Amino acid sequence: AFKQSEEAVSGAAHQVTELPFLNILSHLSKGGVSVPRLYHYDQSAGLLYLEDFGDLTLAEACRETSTADLEARYAQAVDALVQMQSKATSQADPNCLAFHRSFDAPLLMWEFDHFLEYGIVARQGKPMCADDHLPIRSEFENIAELLAGQPRVFVHRDYHSRNLMVDGERLGVIDFQDALMGPATYDLASLLRDAYIELDEALIDRLINRYLDQMAAHRQVWTNREAFRRLFDFTSIQRNLKAAGRFVYIDRVKGNPKFLADIPRVLSYVKRNLQKYPELATLRKHLTPYVPELQ
């Protein structure tokens, strides 16, 4: 037996006969993605012998680096994402677990509800008023439907600076066992609206354009870049709220408070996006009183 993922999943029933990590690893390695090489799997002992990418995460590598070096490293991370999305998506494999689960509306709403349960109710220690809860969920449903309705690509699901390893000139990708199909903006939002590193807005703009240019080179063209940016921002709202709720959950349920310090950063992203789009005024009105960081 192997440990079940704590991430919620949604999709068609698919019998899992091997470790999800190995299943996804096999698919990504065939696509030329920089994932750890598997040397040996001792199934009876429950041991994986994997290539070591070292101890230097992208987060650590960028902690005290120059502006130019930081941009170069993130450009490399964007290029690696394009490689993963284009190759892993185009080479669809029915044996790969990721192609049997997706970010559909119910899963996106589960994550929104996870935020309401832990990021608001558990955090403030009292229930929400129904007059606020109902319109908030309605607005969340609109965002979930928007994201679920996008063309689906291979999504790592946790593509950020602590899951990218700097190994010399190489950037290694780890922690991909929860991969599924979802909107192209999800991993990009995870990378650029990172809970652990706050990037300059001008840099984010350049990196989004780099991503779109690279995707166009792979014949995946977004002709309306403003629409893509809106989708990116709405994806960020969903991803960042989920992270905030998750961090409280890890503290309250798992007894690990180390992520609480990152909550203000992810909620600052949400605040920025709520202020940016007039159509989110209702969500902002009903959500802000419950979340100090949004005020």
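Going by the structure above, here's the rest.
These numbers come from a predicted model, not from an experiment.

On to unusual backbone geometry. For residues other than glycine, phi is negative in most cases, and the peptide bonds are mostly trans. Of note, the phi angle at arginine 157 is positive, near 90 degrees, even though the residue is not glycine. The phi dihedral of aspartate 175 falls on the positive side, at around 60 degrees, and the residue is not glycine. Along the chain, the position of aspartate 175 falls in the loop between β5 (170-173) and β6 (180-183). Aspartate 175 sits in the partly exposed class, given a relative accessible area of 26%.

To continue, consider a nonpolar patch on the surface. A cluster of nonpolar side chains, contributed by Leu38, Leu48 and Leu50, occupies part of the molecular surface with about 190 Å² of accessible area. Along the chain, leucine 38 falls in strand β1 (residues 38-42).

What follows covers the pairing of β1. Bridge count between β1 and strand β2 (residues 47-50): four bridges; the pairing is antiparallel. The residue bridging leucine 38 from the neighbouring strand is leucine 50, located in β2.

Now for the packing of helix α5 (residues 130-148) against helix α8 (residues 225-252). Packing of α5 against α8 brings their axes to within 10 Å, and their N-to-C directions diverge by 120 degrees. Here α8 runs oblique to α5, going by the angle between their axes. Read as a crossing pair, α5 and α8 show a hand that is left-handed. Between α5, through Phe140, Ile143, Leu146 and Leu147, and α8, the contact on the second element is made entirely by Arg230, Leu231, Phe234, Thr235, Ile237, Gln238 and Leu241. Across the contact of α5 with α8, the residue classes tally to eight nonpolar, two polar and one charged.

Taken as a whole and assessed by the stated rule, the structure comprises 11 aromatic pairs. A ring pair is formed by tyrosine 118 and tyrosine 249, whose centres lie 5.1 Å apart and whose planes are at 85 degrees; its orientation type is edge-to-face. Within this pair, whereas tyrosine 118 is found in helix α4 (residues 105-124), its partner tyrosine 249 is found in helix α8, the two being separated by 131 residues in sequence. Per residue, the accessibility class of tyrosine 118 equals that of tyrosine 249, and both read buried. Ring centres 5.2 Å apart and planes at 75 degrees place the aromatic pair phenylalanine 234 and tyrosine 277 in the edge-to-face group. Remark: tyrosine 277 occurs in the loop between α9 (263-276) and α10 (281-287) and phenylalanine 234 occurs in helix α8; sequence separation between them is 43 residues. Of the two residues, phenylalanine 234 and tyrosine 277, neither departs from the other in class, the shared state being buried. What links up through ring pairs into an aromatic cluster is the set Tyr196, Phe247 and Phe259. Cation over ring: arginine 162 sits above tyrosine 196, and NZ or CZ is 3.6 Å from the ring centre. The side chain of arginine 230 reaches across the aromatic face of phenylalanine 234, ending 4.4 Å from its centre.

To continue, consider the environment of leucine 146. Relative to the helices and strands, leucine 146 resides in helix α5. Taking the relative accessible area as the measure of exposure, leucine 146 reaches 23% and is therefore partly exposed. Beyond its immediate stretch of four places on either side in the chain, leucine 146 contacts Arg230, Leu231 and Phe234.

Rules used in this analysis
Residues numbered from 1 in each chain as written. Predicted model: local features only at pLDDT ≥ 70, side-chain atom pairs only at ≥ 80, totals over all residues. Heavy atoms only, no water. Helix = DSSP H or I, 4+ residues; strand = E, 2+ residues; numbered from the N terminus. Buried < 20%, exposed > 50% of the residue type's maximum accessible area, 1.4 Å probe, protein only. Patch = residues over 30% accessible without salt bridge, like charges linked within 9 Å, V, L, I, M, F, W, Y side chains within 5 Å. Areas by Shrake-Rupley, 256 points an atom, 1.4 Å probe, with all protein chains shown as cover. Salt bridge = Lys/Arg side-chain N within 4 Å of Asp/Glu carboxyl O. Pairing = 2+ DSSP bridges. Axes fitted to C-alpha atoms, helices over the stretch in contact; angles between N-to-C directions. Parallel < 35°, antiparallel > 145°, perpendicular 65-115°, else oblique. Left-handed = near helix turned anticlockwise from the far one by under 90°. Contact = heavy atoms within 4.5 Å. Nonpolar A, V, L, I, M, F, W, Y, C, P; charged D, E, K, R; others polar. Phe/Tyr/Trp six-rings, centres within 6.5 Å; stacked < 30°, edge-to-face > 60°. Lys NZ or Arg CZ within 6 Å of the ring centre and 35° of its normal.

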